[in-house]
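# Residue-level structure breakdown
So the chains spell out like this:
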Amino acid sequence: MTTKGKRKDRVLVFDTTLRDGEQSPGASLDHREKVEIAHQLAQLGVDIIEAGFPIASPGDFRAVHEIAEAVTGPTIAGLARCVEADIARCAEAVMPARKPRIHVFLATSAIHRKFKLRKARAEIIKQAMKSVKQAKSFVNDVEFSPEDASRTEPDFLAQVVEAAIDAGATTINIPDTVGYTMPSEFSHLISYLYESVPNINDAVISVHCHNDLGLGVANSLASLQAGARQVECTINGLGERAGNAALEEVVMTLRTRNDVYGPLWTNIKPERLVPVSRLVSRLTGMSVQRNKAIVGANAFAHSSGVHQDGVIKERSTYEIIDPATVGCQDGSDLVLSKLSGKNGLKQALNKMGISLNAEELAKVYERFVDLADKKKLIYDDDLLLIASEQLSDAVNIYTLECMQVTAGSSTIPTATVKLCKGDEVLQEAACGDGPVDAACKAIDRITNVSGRLTDYTLQAVTVGKDAMGEVSLRVAFDEETISAKAASTDIVEASAKAYLSCVNRLLSDREANGANETATKETP
Ligand code: KIV
Ligand code: ZN
């Protein structure tokens, strides 16, 4: 392809996170934060940074001015209404930039003309031209936006666009201000402008799509196919009301579906997308929804067993983008939940350095499924506990089959415990001072040993109301004192398991050393 052809296919990325994005209800940034974000946008490779609306407040003026002074690379734009004072203030703010731009806007739709501006069509054209000329007296690079363009009568829109270009506008931005248009409609509108505005090739055609119907990205992409070559967007899709087209989605769609968008390209460095998204989210305080495309926490997380198995075998079975491409350092995430399969579990254990044989894995999986039924998410610490308990279960004489406990302020705490010893199932019930005491006594009855709890601590291993409780206890038997840990979402069950672990250790020590040996041991 020739250089000219490449240039023709270049899509300029105009980032308005610091202007329209900051208009997101709830998002606000001080001037230092804006400068920090602007530096990162420059690193990301955006072509134009709309740094703010200088007339809006002294803070906005300062931010635009500081960005114009400090951030090199992209063009620095400021927004102004088609009002003399706005344009003069905007010019002052962007002037220190190596590449300054003034972006002027004026509503053109019948609704805005009638109710907001109370102006006739001819007056709108006159005001637009006057303002573009005024902006042009300060800078060469002037953008004009006919606000609410997508709801403007197309023939009138074409007249306004032609007049603005005649007056010197170098970029004409077509905003879908209220997110009302549809992809096919919007691409027809852009094609219509190309067909009916005689001087259209003297300006870059830009689009600015809001997301009120969730179509901001789709509309932007459709317009690029119709010839637009600048796309206005924001990080994380921030913006007025439901936001603007998300930069990361537009850029990654162009890259991922270049079979559809052909030679169109941007200068964005995709590996910067996730870091910039996180920075913007942190500084604006606007959290990114987990399932947000490209940058959401779940964008590369796989939960179902079938999907996890596929991703382990070949990532592309369920991922259309390699997470590393967009700077997601954690890579694909296999989230362990009740839907996960054995392969996902094995991979998670391997990541923690635990490798189990098929039989051990089957047992850990059984316990994992049991736990996953009780908990929404299984954390690494949960797994670690299950796996280490399983590994120590290998020497267990007794295993806990099930237990039932009755307790309360007006009943005597009672526990019924069922243990397995080989093929044998043994059951006993006992009362106690509390449910834990009752469960330990029932275990004593089955195993014919008697221990005394000398130390007992309980702590939550993982987070949330459904967190695993980990019980650490120390049991004094006649001949030795043994410590053990166990975890469960049910703390009485965790206590019974830890106690049984001590009993098992005692019995296997007796077997190994002879019943008369006395020693004090600690289990890990
Ligand atoms: O949505 C809009 O119309 C705007 C203009 C100022 C471009 O933000
Ligand atoms: Zn907007």
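A brief look at the structure comes next. In this text, all values refer to a predicted model and were calculated from it rather than measured experimentally. (Residues numbered from 1 in each chain as written. Chains lettered and ligands numbered in written order. Predicted model: local features only at pLDDT ≥ 70, side-chain atom pairs only at ≥ 80, totals over all residues. Heavy atoms only, no water.)

### Looking at the overall build of the protein
For the protein, the helix and strand inventory stands at 18 helices and 16 strands. At 33 Å, the protein has a C-alpha radius of gyration far larger than the 24 Å of a compact globule built from 524 residues. Within the span of the protein, comprising 524 residues, buried residues form 51% of the whole. Partitioning the contacts of the protein with sequence separation of at least 6, the portion at a separation of at least 24 is 65%. (Helix = DSSP H or I, 4+ residues; strand = E, 2+ residues; numbered from the N terminus. Rg over C-alpha atoms; globule rule 2.2 N^0.38 Å. Buried < 20%, exposed > 50% of the residue type's maximum accessible area, 1.4 Å probe, protein only. Contact = heavy atoms within 4.5 Å.)

### Structural notes on the packing of helix α7 (residues 154–167) against helix α8 (residues 183–196)
At a minimum axis distance of 10 Å, the contact between α7 and α8 shows a crossing angle of 55°. When the axes of α7 and α8 are compared, the pair comes out oblique. Viewed along their axes, α7 and α8 form a crossing whose handedness is right-handed. Seen from α7, the contacting residues are Pro154, Asp155, Leu157 and Ala158; seen from α8, they are Leu189, Tyr192, Leu193 and Ser196. Looking at the contact of α7 with α8 residue by residue, the class counts come to six nonpolar, one polar and one charged. (Axes fitted to C-alpha atoms, helices over the stretch in contact; angles between N-to-C directions. Parallel < 35°, antiparallel > 145°, perpendicular 65-115°, else oblique. Left-handed = near helix turned anticlockwise from the far one by under 90°. Nonpolar A, V, L, I, M, F, W, Y, C, P; charged D, E, K, R; others polar.)

### Comments concerning the site of ligand 1
Near ligand 1, the surroundings consist of Arg19, Asp20, His103, Phe105, Ser145, Glu147, Asn173, Pro175, Thr177, His208 and His210. Contact between ligand 1 and Arg19: an oxygen atom at 2.9 Å from a side-chain N or O atom of the residue. In the model, an oxygen atom of ligand 1 is placed 3.1 Å from a nitrogen or oxygen of the His208 side chain. For ligand 1, whose unbound accessible area comes to 260 Å², protein coverage reaches 94%. For the shell around ligand 1, the secondary structure elements donating two or more residues are β4 (100–107), β5 (142–147) and β6 (171–176). (Near = heavy atom within 4 Å. Polar contact = N/O pair within 3.5 Å; in protein donor to acceptor, adjacent residues only side chain to side chain. Areas by Shrake-Rupley, 256 points an atom, 1.4 Å probe, with all protein chains shown as cover.)

### Quick look at the side chain of Ser281
Here Ser281 shows up in helix α12 (residues 273–284). Take Ser281: its relative accessible area is 16%, and that puts it in the buried class. For Ser281, the residues in contact, after removing those within four places along its chain, are Asn236, Met286, Ser287 and Val288.

### Re the sheet that holds strand β11 (residues 399–406)
The three strands lie next to each other as β11-β12-β13, forming an open sheet whose pairing is antiparallel. What marks the edges here is a single partner per strand, and that holds for β11 and β13 (424–431). Along the sheet, successive strands turn relative to each other by an average axial angle of 15°, direction set aside. Inspection of the sheet shows strand β12 (residues 414–421) paired to β13 by eight bridges, in the antiparallel sense. (Pairing = 2+ DSSP bridges.)

### Some details on the pattern of salt bridges
One pass over the full model with this rule turns up 26 salt bridges. Residue Glu249 is joined to Lys292 by a salt bridge in which the shortest nitrogen-to-oxygen separation is 2.5 Å. Separated by 43 residues along the polypeptide, Glu249 in helix α10 (residues 247–256) and Lys292 in the loop between α12 and β9 (301–302) bring together distant segments of the chain. Its relative accessible area of 9% is what places Lys292 among the buried residues. One continuous salt-bridge network, built from bridges that share partners, spans Arg19, Asp20 and Glu50. (Salt bridge = Lys/Arg side-chain N within 4 Å of Asp/Glu carboxyl O.)

### Remarks on the coordination of the zinc ion (ligand 2)
Donor atoms from the polypeptide that bind the zinc ion (ligand 2) are Asp20 (OD), His208 (NE2) and His210 (NE2), placed at 2.0 to 2.1 Å. Sequence positions of the residues that donate to the zinc ion (ligand 2) give the spacing D-x187-H-x1-H. Of this pair, Asp20 sits in the loop between β1 (12–15) and α2 (31–44) while His210 sits in the loop between β7 (204–209) and α9 (216–225), placing them 190 residues apart in sequence. Assessed through its relative accessible area of 3%, Asp20 is described here as buried. In this structure His210 comes out as buried when scored by relative accessible area, which is 5%. (Donors = N, O, S within 2.8 Å, 3.2 Å for Na, K, Ca; no water.)

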